[in-house]
Amino acid sequence: MSAVPDRSTLRLALVVGGLVLAVLLGFGLGRLNAESPSAAGLDSALSGHTHAPGTGAHEHGADQAAAAQAGGFSVSSAGYTLHPLAATFTAGRPGELRFQVRDAQRRPVTRFAIVHDKPMHLIVVRRDLTGYQHLHPTMAADGTWSVPLTLSQPGVWRAYADFTALADDGQQTAVTLGVDLTAPGGYQPRQLPAAASSATVDGFTVSYQGTPQAGLTVPLTFRFDSASGPVALERYLGAYGHLVALREGDLGYLHVHPEPQPADGAVTFWVTTPGPGQYRLYLDFQVAGVVRTAEFTMTVP
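Residues numbered from 1 in each chain as written. Predicted model: local features only at pLDDT ≥ 70, side-chain atom pairs only at ≥ 80, totals over all residues. Heavy atoms only, no water.

Strand pairing in a sheet relies on backbone hydrogen bonds. The paired strands run either parallel or antiparallel. Ordered in space as E1-E2-E3-E7-E6, the 5 strands form an open sheet in which the pairing is antiparallel. Here the strands that pair on one side only, and so sit at the sheet edges, are strand E1 (76-77) and strand E6 (138-139). Here 2 bridges tie E6 to strand E7 (residues 144-149), and the two strands are oriented antiparallel to one another. Following the sheet pairing, threonine 138 is matched in E7 by serine 146. (Pairing = 2+ DSSP bridges. Helix = DSSP H or I, 4+ residues; strand = E, 2+ residues; numbered from the N terminus.)

Once that is clear, we can look at unusual backbone geometry. A positive phi angle, near 55 degrees, is found at leucine 237, a position not held by glycine. Using a relative accessible area of 11% as the deciding quantity, one classes leucine 237 as buried. Of note in this structure, aspartate 264 is not a glycine but carries a positive phi near 55 degrees. Tracing the sequence through the fold places aspartate 264 in the loop between strand E14 (256-258) and strand E15 (267-272). (Buried < 20%, exposed > 50% of the residue type's maximum accessible area, 1.4 Å probe, protein only.)

Taken as a whole and judged by the stated rule, the model has 12 aromatic pairs. Where phenylalanine 112 meets tryptophan 145, the ring centres are 5.3 Å apart and the plane angle is 80 degrees; that geometry is what we call edge-to-face. One end of the pair, phenylalanine 112, is in the loop between strand E3 (95-102) and strand E4 (120-126); the other, tryptophan 145, is in strand E7, with 33 residues separating them in the sequence. When its relative accessible area of 11% is taken as the criterion, phenylalanine 112 is described as buried. The buried category is assigned to tryptophan 145, whose relative accessible area is 2%. An aromatic cluster of at least three residues, connected via ring pairs, comprises Tyr80, Phe99, Phe112, Trp145 and Phe163. (Phe/Tyr/Trp six-rings, centres within 6.5 Å; stacked < 30°, edge-to-face > 60°.)

Looking now at the environment of aspartate 128. Following the sequence through the fold, aspartate 128 ends up in the loop between E4 and strand E5 (133-135). Expressed as a C-alpha distance, the spacing of aspartate 128 and proline 189, which sit 61 residues apart in the sequence, is 5.7 Å. Not counting residues up to four positions away in its chain, the partners in contact with aspartate 128 are Tyr187, Gln188, Pro189, Arg190 and Leu192. A polar side-chain atom of aspartate 128 sits 2.7 Å from a polar atom in the side chain of threonine 130. Separated by 3.0 Å, the side chain of aspartate 128 and the backbone nitrogen of arginine 190 make a polar contact. (Contact = heavy atoms within 4.5 Å. Polar contact = N/O pair within 3.5 Å; in protein donor to acceptor, adjacent residues only side chain to side chain.)

Structurally, the position occupied by glutamine 286 is in strand E16 (residues 277-287). Note on glutamine 286: relative accessible area 15%, which makes it buried. Not counting chain neighbours up to four residues away, the residues in contact with glutamine 286 comprise Ala232, Leu233, Glu234, Arg235, Tyr236 and Val291.

Keep in mind that these numbers describe shape and distance, not what the molecule does.
Next comes the structure, spelled out in structure tokens:
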């Protein structure tokens, strides 16, 4: 006949068993949190990027390393390829750019997420960083995008397709692809304007404060002034301004993140510069229903 354990022995066994169970549950929950997709999201070029008030320059974590790199160097990235149907234009004459985005199986992609009110943002600029255009093509049912385009001067131009593709399983992939366009003729590149923190466009003076640092994400705060009085910014494409930054030389496309609301009439953007050099900034803003672009040259030591 087996011995029956006394009450103190049973009590001790229950306590030890409870501790072991708690440790195992804690370990399992920790692994689930660490492997959660929401904990491993990457910044995209046009997504919101907010920080606590007063936050200064900071480094991105390992799961955000892509945000610290310039993009738009290649026609292919992340399994997607930009396929222009024509890439030669006549300088100064209205034309049309038509292209497709194809997946790894070379199929035209037809599902895109709406980001800042549009499924596709197309940036076009000559390789000397003049002639900036921010366009929004329309897509046909077969996945062919088209947009009227005039390349004002001869030379080689760069077109950036900035979009977020939707896969069949619902996964979203933010991508910036780049391709060269050509307008044959005598190309006389213009020298980049000197670095300045203010610019004037159509009677508006736009200035920014902030000190860019290579390899860090820093806030640049833009203020708007006019001789006629306070400037009433309006939402354009769902935000109070859109900032594109391109690096001189390789024309790397930088990740720029706006704060959702102005503060005292100023708009703050978070800019990641991957290395030293000259950068050209293009700030689109809307006042009284008219969109204007202020341009700046920024030096990163």
